[in-house]
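# Commentary on secondary and tertiary structure
Listed below, chain by chain, are the residues.
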Amino acid sequence: MKYVKFTDEEKIANFDIICDSFFNANFGHLSKSDIELMMFNFYISKMVKDNSDNDGIIDFNKCSDYLISKELGITQQRVRNLKVKNQLINPIDFKWEKALAKLTENARYDKESHKVILNIPDPNLYIEIQNFIEENGAYVEKQLNSKVLQIRAEYYIALILNLEDEKSSKRIIKELKKQFRKDNKKEAAFDDNNIGKSLIEGTVNITSIAANISSLISPANCLGASLIKLLTA
């Protein structure tokens, strides 16, 4: 079974790119790895195009490392390396927030550790999520399985605030502070600049928090909706 099938028009367009790389007084300038990356870019771009919905959400199950490695005859690790390298050289635009929201629907919430655990099948998606988390003061716990992401629910809640507009964010923070004052057993101070840490130190009831802010999450915040559903299930 072929997972990627190019149309005649796509084949012509790709061949034109190859010609430009060889027939403009530059024959032999490309290294073997450059040529392989070029061919991989043709392949992965087509695969992503064929497996994205109208909202730009990629079906990563149909673009998995396993399926690609099976079709190309290379290891899954090499597929992941090529995906990362290609994204740096030939970036493919994708909406990581919506992709994460869809993956959160199948995540697991450990009520004892207060951690949200989910599988991130694509290395570039993982990198984008990790970068966003770290830019907003939280952190990702490294796992032996590089596809598994673990993050405290309190930090996750703080993250969805960054996807809200200023007015909506203030309303949610007001509700968080209300719950913080109710549950705070350690007399910790609430830090607006480090909400996740504040919720952890204040030993705030996450289920109550999720229920109380559910109506305040804007309809456009698909990640917030997915998280609330997970935490209140």
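Residues numbered from 1 in each chain as written. Predicted model: local features only at pLDDT ≥ 70, side-chain atom pairs only at ≥ 80, totals over all residues. Heavy atoms only, no water.

### Observations concerning the environment of Tyr 43
Position of Tyr 43 relative to the elements: it lies in helix H2 (residues 32-50). The sequence separation of Tyr 43 and Asn 124 amounts to 81 residues, and the corresponding C-alpha distance is 16 Å. Among residues more than four places away in sequence, those in contact with Tyr 43 are Val 4, Phe 6, Ile 68, Glu 71 and Leu 72. A distance of 2.5 Å separates polar atoms of two side chains, one belonging to Tyr 43 and the other to Glu 71. (Helix = DSSP H or I, 4+ residues; strand = E, 2+ residues; numbered from the N terminus. Contact = heavy atoms within 4.5 Å. Polar contact = N/O pair within 3.5 Å; in protein donor to acceptor, adjacent residues only side chain to side chain.)

### Observations regarding helix H4 (residues 76-89)
The terminal C-alpha atoms of H4 lie 20 Å apart, and with 14 residues this matches the ideal 20 Å at 1.5 Å per residue to within 8%. Those residues of H4 that sit buried are Val 79, Arg 80, Leu 82, Lys 83, Asn 86 and Gln 87. All buried residues of H4 lie within an arc of 160° about the axis, which places them on one face of the element. In H4, the exposed positions that point more than 90 degrees away from the buried face belong to Leu 88 and Ile 89. In this structure, the buried residues of H4 make contact with H2, helix H3 (65-72) and helix H6 (123-135). (Expected span 1.5 Å × (residues − 1). Buried < 20%, exposed > 50% of the residue type's maximum accessible area, 1.4 Å probe, protein only. Arc of directions from axis to C-beta.)

### Let's talk about the packing of aromatic side chains
In this description, an aromatic ring pair is defined by two values, namely the gap between the centres and the angle between the planes. Enumeration according to the criterion identifies five aromatic pairs in this entry. Taking the centre distance of 5.5 Å and the plane angle of 70° together, the rings of Phe 22 and Phe 27 count as edge-to-face. Judged by its relative accessible area of 17%, Phe 22 is buried. Using a relative accessible area of 62% as the deciding quantity, one classes Phe 27 as exposed. Where Trp 96 meets Phe 132, the ring centres are 4.8 Å apart and the plane angle is 50°; that geometry is what we call tilted. Taken as a pair, Trp 96 in helix H5 (residues 96-104) and Phe 132 in helix H6 lie far apart in primary sequence, 36 residues in all. Of the two residues, Trp 96 and Phe 132, neither departs from the other in class, the shared state being buried. A connected cluster of aromatic rings, assembled from ring pairs, spans Phe 22, Phe 23 and Phe 27. (Phe/Tyr/Trp six-rings, centres within 6.5 Å; stacked < 30°, edge-to-face > 60°.)

### Let's talk about the sheet that holds strand S1 (residues 108-110)
Within a sheet, each strand pairs with its neighbour through backbone hydrogen bonds, oriented either parallel or antiparallel. The strand order across the open sheet formed by three strands is S1-S2-S3, and the pairing between neighbours is antiparallel. What marks the edges here is a single partner per strand, and that holds for S1 and strand S3 (148-152). Within this sheet the neighbouring strands show an average axis-to-axis angle of 25°, counted without direction. Here five bridges tie strand S2 (residues 115-119) to S3, and the two strands are oriented antiparallel to one another. When the bridges of S3 are listed, Asn 119 appears paired with Val 148. (Pairing = 2+ DSSP bridges. Axes fitted to C-alpha atoms, helices over the stretch in contact; angles between N-to-C directions.)

### Digging into the side chain of Ser 226
Note on placement: Ser 226 falls in helix H11 (residues 222-231). Non-local contacts of Ser 226, meaning those with residues more than four positions away in its chain, are made with Ala 101, Thr 104 and Glu 105.

### Structural notes on H11
Buried residues dominate H11, accounting for seven of its 10 residues. Where H11 is concerned, the buried positions are Leu 223, Gly 224, Ser 226, Leu 227, Ile 228, Leu 230 and Leu 231. In this structure, the buried side of H11 is in contact with H5, S1, S2, helix H7 (153-161) and helix H10 (206-213).

### Some thoughts on the pattern of salt bridges
In total, this model carries 13 salt bridges according to the counting rule given. We note a salt bridge from Glu 36 to Arg 78, for which the minimum N-O separation is 2.7 Å. With a gap of 42 residues between them, Glu 36 in helix H2 and Arg 78 in helix H4 connect regions that are remote in the sequence. Residue Glu 36 is classed as partly exposed on the basis of its relative accessible area, which comes to 28%. Residues Lys 147 and Asp 65 are paired through a salt bridge, measuring 3.8 Å at the closest nitrogen-oxygen approach. Highlighted residues: Lys 147 in the loop between H6 and S3 and Asp 65 in helix H3, separated in sequence by 82 residues. A relative accessible area of 23% places Lys 147 in the partly exposed class. Connected through salt bridges with shared partners, the residues Asp 65, Arg 80, Lys 83, Asp 122 and Lys 147 form a single ionic network. (Salt bridge = Lys/Arg side-chain N within 4 Å of Asp/Glu carboxyl O.)

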